[in-house]
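Remarks on the overall topology
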Amino acid sequence: MEQLLQQVASGLANGAIYALVALALVMIFVSTNHINFAQGEMAMFSAFICWQLIHWGYPFWIALPATMLFSFVIGVLIERIILRPLHTAPLLSVVVVFIGLLAIFHSLAGAIWTHTVKPFPSPFPNFSFAGSGIIGPHQIGMILVAVLILALLFCFFRFTPLGLAMRAAALNPTSARLVGINVDWMLALGWGLAATVGSVAGVLVAPVVYLEPNMMAGILLYGFAGALVGGISSPGGAVAGGFIVGVLENMVAYLGYMLERATGFYLIGNGEKLTVALLMVITVLTLKPSGLFGHVTVKRV
Amino acid sequence: MSNILEVENLKAYYGASQALHGITFSLVKGGITTLLGANGAGKTTTLRAICGMVRAEGFVAIDGEPVTGKATEAVVRLGVGHVPEGRGTFTELSVEENLRVAAYTRRDKAAVARDLEMVFTYFPRLKERMAQQAGTLSGGEQQMLAISRALMLGPRLMLLDEPSFGLAPLIVQEIFRIMRRINEEAKVSMLLVEQNAALALDLADHAYVLETGRVVMSGTSAVVKSDEQIRKSYLGY
Amino acid sequence: MATTMTTGTDTVDRAVSARIDARRGTPWWIWLGIAFAALLPLIGGRTGLISNFYFLQLSLMIVYSIAVLGLNLLTGFNGQISLGHGAFFAVGAYVTAILIDRYEMYYLATLPIAMLACFVVGYLFGRPALRLEGHYLALATFALAIAVPQFLKYRHFEPYTHGVQGINIFKPDPPFGMPLSPDQWLYLVVLACAVVMFIVARNIVHSRMGRAMMAIRDQPLAADTMGINSARTKSITFGISALYVGLAGALHAIIFEFVSPDSFRFELSIAILVGAVIGGIATLSGAVIGGFFVQFIEKYADAATKWVTQIVHLPIELEPWTIYGIVLILLMYTMPMGVAGGFASLWRKIRPPN
């Protein structure tokens, strides 16, 4: 029983990261209909920035806001400089540009910080408490920070005029222009915010997976899956989807392990959990194409 | 300068094809002018060209300020409330959010609050539906919301694109009555595009008749209305 | 009802074929080029101008062209995006490798089997994936690309796949004692396969099936109302596309003499997609350019990186991927329709008016 709880807890902790990545993807998707395949590499790059700041002697809780600000600026610049000229380009061209960005961030990180794996200190104090056996302090910290970011974003979009304007620009750009909103800047801000959210995901997950240019590849995939399971056009759904995928992934491996212990037959292990989790996600999507929390958009022909 | 809107030799293009071939007209401050004509005559395009929503050449001035070539949002911030074709509802936002977002560019909170009250006196129905998702409103209510959105900008000029489209006659009458009140009480000048010529001529003081992107005739509503020839060949009633 | 359907399809047929017929027929210079390519082993090989290593490089380029062509049929002509075609490449390669290694089958005989296997896998995958569109299909194929290498390492398949170690096979000698090196002979085999596959692709695109594919891409709802069975067309297209990529994988296994799960990582799928887009989506000639791009870009990016590092004296040592990424982005700015599309529109601008 304790083992099962452990698995659920660490699934939730990973899920918090997937949720942040999913949210970053959705924030760009709702306003542009593009999936930013470079989101993971951008987050990885941010994590390296944070590592560098810490390495230079800044305390973590100064390095993190600085990293977030840096990521925000990078996100805005990418939208303004690289994606702006492609507003009317075919979808596939944009996909290739994202792949190009991915390659650039990946290789720059490798060139600047090399490909050797670096440990990343956990910012959360290591203390023991009642549930220590089930969940570690860093995992609790991951969940708390993720939830805090989500709550802040929710309040921003729900209660501030700028947040409302950004939603309006994403939902109906033409009408948004007609009420005086500068839609182009809203897109750039959306990119900036997405990059910021992604940077938090990167920094939080770095102590778990260790810092190296490849660290976000699998996480991006899980985040993507989470976003789609939740409904790609619904930020709340994406967050829920991220947590679902996180728990699902751990459950698959755990059940495989239990099965092998009980019957001696190896069916699923750590090597296959990604595949099986994705298979389940895809099954959900074939049965319910708009995702669990998404809604079907009716298009006029 | 007593003209709120000045349009000279306005040309507009969709891709390579030209939709407006040099249109000239003006709108007196406080007045209501209507653009009439058949489908494809260029009425909607004219409104879009004024707001910088299509590629356009020529001269357009709002209250003396040239706006040709400006971005839509910049034109709108001069006090132009465009009620677009198809109403442009933010279907996934609530009615309240639809109204609040329209006041996004305004810093004077007291004035915004006053305008919100004004909107509710015109359209009490919207007040009842404040928290409702705007996409679930009926067609008439969405049209009211679209007009209200334009009002929340605190406009000097409203551009109305077929406010009667797809609505039941009773509701159309109600909306047109309120448009007259807005014009008289809030002193908003209006440029009205309509297929329903009889209705538009009753409301407007001036009319321009468009055909394939050109003005073919113009005059006061009374003159246009009384001209049998125009009525039969262009207005079809 | 039946009559309406037939008339409907015919209208689509006629409308589309009017556009295509103008471009029908292969220009003489393409045949000349193929003849020249076929004579290369005689010209270059005999005189020693072209080493075996270069023949291997050329073969790989042609193999990637076949793969890019396969993806192009699906993405370019049918509008279905795939981030996972490396998976079919892997299936084709492993079918051939297992048949040669474990069942000692003649290498050429394994090709049709690999193709058939990939068609079946592709068709079966395409069937449920039909319900998925755009980004959902992208995820499903993405997952496929991740899953297949894991599958190849799966414990219970190890007797066949040898797990992470992969399978070694041997390069066949040319038949009838022909005076060619194995690399030269395989180059000819690959070239012949490519010529056949391109002709077949051209015929598919110009056939009723091809017109249905494009109708579904351009007007999915209209295609349905005109009686095109889009479910069937889409999954068959998926199968055909997988068949092409599978053949490419099988040929790759033979000329490379080795398969392993790590040769078919996600990067391969991305490389095929990038090749298709860079070459020119929905063009057959774009596949050749795309294959060239896939095979040679990394080498050139490497050289360019060294050159840049030398002349600019950067404080860090750049990696080739940076140049690769910049090239991708710049190409999409200058030629959003790919190199083939870019040349086509350039030609339309400069050709003399008739």
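Keep in mind the model is a prediction, meaning the values are calculated, not measured.

**A look at the overall build of chain A**
- Per the secondary structure count, chain A includes 11 helices and 0 strands.
- In sequence order, the secondary structure elements of chain A are arranged as α-α-α-α-α-α-α-α-α-α-α.
- Overall, chain A is about 65 × 55 × 35 Å in size when its C-alpha atoms are taken along their principal axes.
- Looking at chain A as a whole, 58% of its 301 residues are labelled buried.
- Once local pairs closer than 6 in sequence are excluded, the contacts in chain A between residues at least 24 apart make up 74%.
- In the structure as shown, chain A presents an accessible area of about 12100 Å², 71% of it carried by carbon and sulfur atoms.
- Counting 11 positive and 8 negative side-chain charges, chain A places the averaged centre of each group 17 Å from the other.

**Looking at the interface of chain A and chain B**
- Of the residues lining the interface, 21 residues belong to chain A; the matching set on chain B comes to 20 residues.
- Summing both partners gives a buried area of about 1800 Å² for chain A against chain B, and 66% of it is carried by carbon and sulfur.
- Contact with chain B buries area across many residues of chain A, yet Leu164(A), Leu178(A) and Val179(A) alone supply 36% of it, more than any other trio.
- Where chain A touches chain B, the interface holds 3 salt bridges.
- Summed over the shared surface of chain A and chain B, the number is 5 residue pairs in polar contact (both at pLDDT 80 or more).
- Mapped by element, the contributors of at least two residues to the side of chain A that touches chain B are α6 (161-171), α7 (173-178) and α8 (183-209) of chain A.
- Broken down by element, the residue count for the side of chain A that touches chain B peaks at 7 residues, all from α6(A).
- When grouped by side-chain class, the residues that make up the side of chain A that touches chain B number 12 nonpolar, 6 polar and 3 charged.

**Comments concerning the pattern of salt bridges**
- The tally for this structure, following the rule as stated, stands at 19 salt bridges over all chains.
- Its salt-bridge partner being Asp63(B), residue Arg156(B) comes within 2.6 Å of it at the nearest N-O pair. One end of the pair, Arg156(B), is in the loop between α6 (139-152) and β7 (157-161); the other, Asp63(B), is in the loop between β4 (55-62) and β5 (65-66), and 93 residues separate them in sequence.
- One salt-bridge network, in which partners are shared between bridges, spans Glu79(A), Arg84(A), Arg177(A), Asp184(A) and Glu73(B).

**Description of the interface of chain A and chain C**
- The partner chain C presents 40 residues to the 50 residues of chain A that form the contact.
- Contact between chain A and chain C buries roughly 3800 Å² in total, counting both sides, with carbon and sulfur atoms accounting for 77%.
- At the junction of chain A and chain C, the tally comes to 0 salt bridges.
- For the pair chain A and chain C, the number of links is 4 residue pairs in polar contact (both at pLDDT 80 or more).
- Sorting the residues of the side of chain A that touches chain C by element identifies α3 (60-83), α4 (91-113), α9 (217-230) and α11 (270-287) of chain A as the ones contributing at least two each.
- In terms of residue count, the dominant contributor to the side of chain A that touches chain C is α4(A) (16 residues).

**Observations concerning unusual backbone geometry**
All names here are of chain A.
- Even without being glycine, Thr 114 reaches a positive phi, approximately 60°.
- Mapping Thr 114 onto the fold places it in the loop between α4 and α5 (137-159).
- Judged by its relative accessible area of 39%, Thr 114 is partly exposed.

**Quick word on helix α10 (residues 235-263) of chain A**
- A rise of 1.5 Å per residue sets the reference length of α10(A), with its 29 residues, at 42 Å; its end C-alpha atoms lie 42 Å apart and thus fit the reference within 8%.
- After α10(A) finishes, the residue Gly264(A) shows a positive phi value of roughly 80°.

**Here we look at the sheet that holds strand β1 (residues 3-14) of chain B**
- An order of β2-β1-β4-β5 (chain B) is seen for the 4 strands of this open sheet, with the pairing classed as antiparallel. This sheet does not close on itself; its edge strands, each paired only once, are β2 (17-28) and β5 of chain B.

**Considering the pairing of strand β6 (residues 80-83) of chain B**
Residue and element names in this part refer to chain B.
- Alternating residues of β6 divide into Val 80 and His 82 and Gly 81 and Val 83, and every residue in both groups is buried.
- In this sheet, β7 lies alongside β6 in parallel orientation, the contact comprising 4 bridges. Within β7, the residue paired with Gly 81 across the bridge is Met 158.

**Describing the packing of aromatic side chains**
- Per the counting criterion, the structure on display carries 24 aromatic pairs over all chains.
- With centroids separated by 4.8 Å and ring planes inclined at 55°, the aromatic side chains of Tyr106(C) and Tyr107(C) adopt a geometry described as tilted.
- The exposure class of Tyr106(C) is partly exposed, given its relative accessible area of 47%.
- Take Tyr107(C): its relative accessible area is 8%, and that puts it in the buried class.
- Centroid distance Trp321(C) to Tyr324(C): 6.0 Å. Interplanar angle 40°. Geometry classified as tilted. Residue Trp321(C) and its partner Tyr324(C) are located together in helix α14 (residues 320-334), separated by 3 residues, close to a single helical turn.
- The class for Tyr324(C) is buried, based on a relative accessible area of 10%.
- Here the basic side chain of Arg80(A) rests over the ring of Trp185(A), its NZ or CZ set 4.2 Å away from the ring centre.
- Between Lys118(A) and the ring centre of Trp51(A), over which it is positioned, the NZ or CZ distance is 5.3 Å.

**Brief notes about the nonpolar core**
- The biggest cluster of nonpolar side chains holds 258 residues, and the ones touching the most others in it are Ile181(A), Met158(B) and Phe89(C).
- Counting residues per element, this core draws most heavily on helix α1 (residues 2-32) of chain A, which supplies 16 residues.
- Setting aside its immediate chain neighbours within four residues, Met158(B) contacts Gly81(B), Val83(B), Ile147(B), Ala150(B), Leu151(B), Ile182(B), Val188(B), Ser189(B), Met190(B) and Leu191(B).

**Quick word on the pairing of β1(B)**
Residues and elements named next belong to chain B.
- Bridge count between β1 and β2: 9 bridges; the pairing is antiparallel. Bridge pairing links Val 7 to Phe 25 in β2.
- Counted between consecutive antiparallel strands, the loop separating β1 from β2 contains 2 residues, among which Gly 15 sits at a positive phi close to 60°.
- Relative to β4, β1 runs antiparallel, the two sharing 7 bridges. Residue pairing across strands places Glu 8 opposite Phe 59, the latter belonging to β4.

So, how was this worked out
- Residues numbered from 1 in each chain as written.
- Chains lettered and ligands numbered in written order.
- Predicted model: local features only at pLDDT ≥ 70, side-chain atom pairs only at ≥ 80, totals over all residues.
- Heavy atoms only, no water.
- Helix = DSSP H or I, 4+ residues; strand = E, 2+ residues; numbered from the N terminus.
- Buried < 20%, exposed > 50% of the residue type's maximum accessible area, 1.4 Å probe, protein only.
- Contact = heavy atoms within 4.5 Å.
- Areas by Shrake-Rupley, 256 points an atom, 1.4 Å probe, with all protein chains shown as cover.
- Lys, Arg positive; Asp, Glu negative; His and termini not counted.
- Charge placed at Lys NZ, Arg CZ, Asp CG, Glu CD.
- Buried area = accessible area lost by both parts, 1.4 Å probe.
- Salt bridge = Lys/Arg side-chain N within 4 Å of Asp/Glu carboxyl O.
- Polar contact = N/O pair within 3.5 Å; in protein donor to acceptor, adjacent residues only side chain to side chain.
- Nonpolar A, V, L, I, M, F, W, Y, C, P; charged D, E, K, R; others polar.
- Expected span 1.5 Å × (residues − 1).
- Pairing = 2+ DSSP bridges.
- Phe/Tyr/Trp six-rings, centres within 6.5 Å; stacked < 30°, edge-to-face > 60°.
- Lys NZ or Arg CZ within 6 Å of the ring centre and 35° of its normal.
- Core = buried A, V, L, I, M, F, W, Y, C linked by side-chain atoms within 4.5 Å.

None of this, on its own, says anything about what the molecule does.
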